[in-house]
Amino acid sequence: MPKIYLIEGPVGAGKSTFASSLATRVGGVHIALDEWFARLFSPDRPSTELMPWYIERKARLLDHIWSHAQALLACGIPPVLELGLVQRQSREDFYMRAHDAHVELALYLLVASREVRRERVMRRNVERGPTFSMVVPAAFFEMASDFWEEPDELEIAEHRIEKISTEG
């Protein structure tokens, strides 16, 4: 059965670093929604009414990334996806999509304290290293952190999610 690797976690948990390393180990291709989003849509970002604009584009981009992942699988290349599925329902929708397509998911949940994540994000904003895709203002970091719905024990058990602390 073809396999997609899905990495999730709150902002600043280390998803991009982990996904890049995993892609190298499995001979896959890392696809980060934030990177694609920043390149495709940031030039058109409105100054007001940001959430409706963002939600519509994220949904379209998720569909496009799914198609791209299917094309990679058809070539025998495992996709390593970092999609920012911050709410349980969006993750459940993705799990069902994979199930319906007869695709196995290897799921990773990266976790770190809010303080560690905040420091990483603020440093990444300045250093703009290999995992940088866009500036994350402090207020956006706090909002995104509040919006994140961490998988509970049932979701973790049901979907065999490997939980990894990136604290250290």
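Residues numbered from 1 in each chain as written. Predicted model: local features only at pLDDT ≥ 70, side-chain atom pairs only at ≥ 80, totals over all residues. Heavy atoms only, no water.

Enquirer: Could you clarify how one ought to interpret the pattern of salt bridges in this entry?
Expert: Opposite charge on two side chains lets them pair, provided their charged atoms get close. With the rule as written, the count across this model stands at 14 salt bridges. Between E142 and R114 there is a salt bridge whose closest N-O contact spans 2.8 Å. Within this pair, whereas E142 is found in helix α6 (residues 138–147), its partner R114 is found in helix α5 (residues 114–127), the two being separated by 28 residues in sequence. Assessed through its relative accessible area of 25%, R114 is described here as partly exposed. Between R114 and D146 there is a salt bridge, with the nearest N and O atoms lying 2.8 Å from each other. Separated by 32 residues along the polypeptide, R114 in helix α5 and D146 in helix α6 bring together distant segments of the chain. Residue classification places D146 among the exposed residues on the basis of a relative accessible area of 56%. (Salt bridge = Lys/Arg side-chain N within 4 Å of Asp/Glu carboxyl O. Helix = DSSP H or I, 4+ residues; strand = E, 2+ residues; numbered from the N terminus. Buried < 20%, exposed > 50% of the residue type's maximum accessible area, 1.4 Å probe, protein only.)

Enquirer: I would appreciate a short explanation of the sheet that holds strand β2 (residues 29–32) in the present structure.
Expert: Within a sheet, each strand pairs with its neighbour through backbone hydrogen bonds, oriented either parallel or antiparallel. Strand order in the open sheet formed by five strands is β2-β3-β1-β4-β5, with parallel pairing between adjacent strands. In the strand order of this sheet, the two ends are held by β2 and β5 (162–165), each with one partner. With strand direction ignored, the average angle separating the axes of adjacent strands in the sheet is 20 degrees. Sheet strands in contact with helix α2 (residues 33–41) are β2 and β3 (79–82), and its direction is about 60 degrees off that of β2. (Pairing = 2+ DSSP bridges. Axes fitted to C-alpha atoms, helices over the stretch in contact; angles between N-to-C directions. Contact = heavy atoms within 4.5 Å.)

Enquirer: What should I look at first to understand the packing of helix α3 (residues 50–74) against helix α4 (residues 88–100) in this one?
Expert: Angle between the axes and distance between the axes: these two values describe a pair of packed helices. At their nearest, the axes of α3 and α4 sit 13 Å apart, and the two run at 30 degrees to each other. The pairing of α3 with α4 is recorded here as roughly parallel in orientation. The element α3 and its partner α4 pack so that their crossing is right-handed. Residues L62, D63 and W66 of α3 form the contact with α4, whose participating residues are F94, R97 and A98. Tallied by class, residues from the contact of α3 with α4 come to four nonpolar, no polar and two charged. (Parallel < 35°, antiparallel > 145°, perpendicular 65-115°, else oblique. Left-handed = near helix turned anticlockwise from the far one by under 90°. Nonpolar A, V, L, I, M, F, W, Y, C, P; charged D, E, K, R; others polar.)

Enquirer: Which parts of the structure should I look at to understand unusual backbone geometry?
Expert: As a rule of thumb, non-glycine residues mostly have phi less than zero, and peptide bonds are mostly trans rather than cis. Positive phi, normally seen in glycine, also occurs at H102, with a value near 60 degrees. Structurally, the position occupied by H102 is in the loop between α4 and β4 (104–111). A relative accessible area of 55% places H102 in the exposed class. Positive phi, normally seen in glycine, also occurs at R160, with a value near 50 degrees. Relative to the helices and strands, R160 resides in the loop between α7 (153–158) and β5. The exposure class of R160 is exposed, given its relative accessible area of 62%.

Enquirer: Just checking my understanding: could you explain the pairing of strand β1 (residues 3–8) for this structure?
Expert: The two faces of a sheet get side chains in turn, since along a regular strand they alternate between them. Counting buried positions along β1 gives five out of six residues, so the element sits mostly inside the fold. Sheet topology note: the β1/β4 ladder contains six bridges and is parallel. Of the residues in β4, the one forming a bridge with Y5 is A106.

Enquirer: Sorry if this is basic, but what is going on with helix α1 (residues 15–26) here?
Expert: Working note: α-helix, 3.6 residues per turn, so residues spaced by three or four point in the same direction. For α1, spanning 12 residues, the distance from its first C-alpha to its last is 16 Å, which sits close to the expected 16 Å at 1.5 Å a residue. All buried positions along α1 are accounted for by K15, S16, F18, A19, L22 and A23. Around the axis of α1, the buried residues are gathered within 160 degrees of arc, so they sit on the same side. Along α1, the residues that are exposed and aim more than 90 degrees away from the buried face are T17, T24 and R25. Looking one or two residues past α1, G27 carries a phi angle of roughly 70 degrees, positive in sign. (Expected span 1.5 Å × (residues − 1). Arc of directions from axis to C-beta.)

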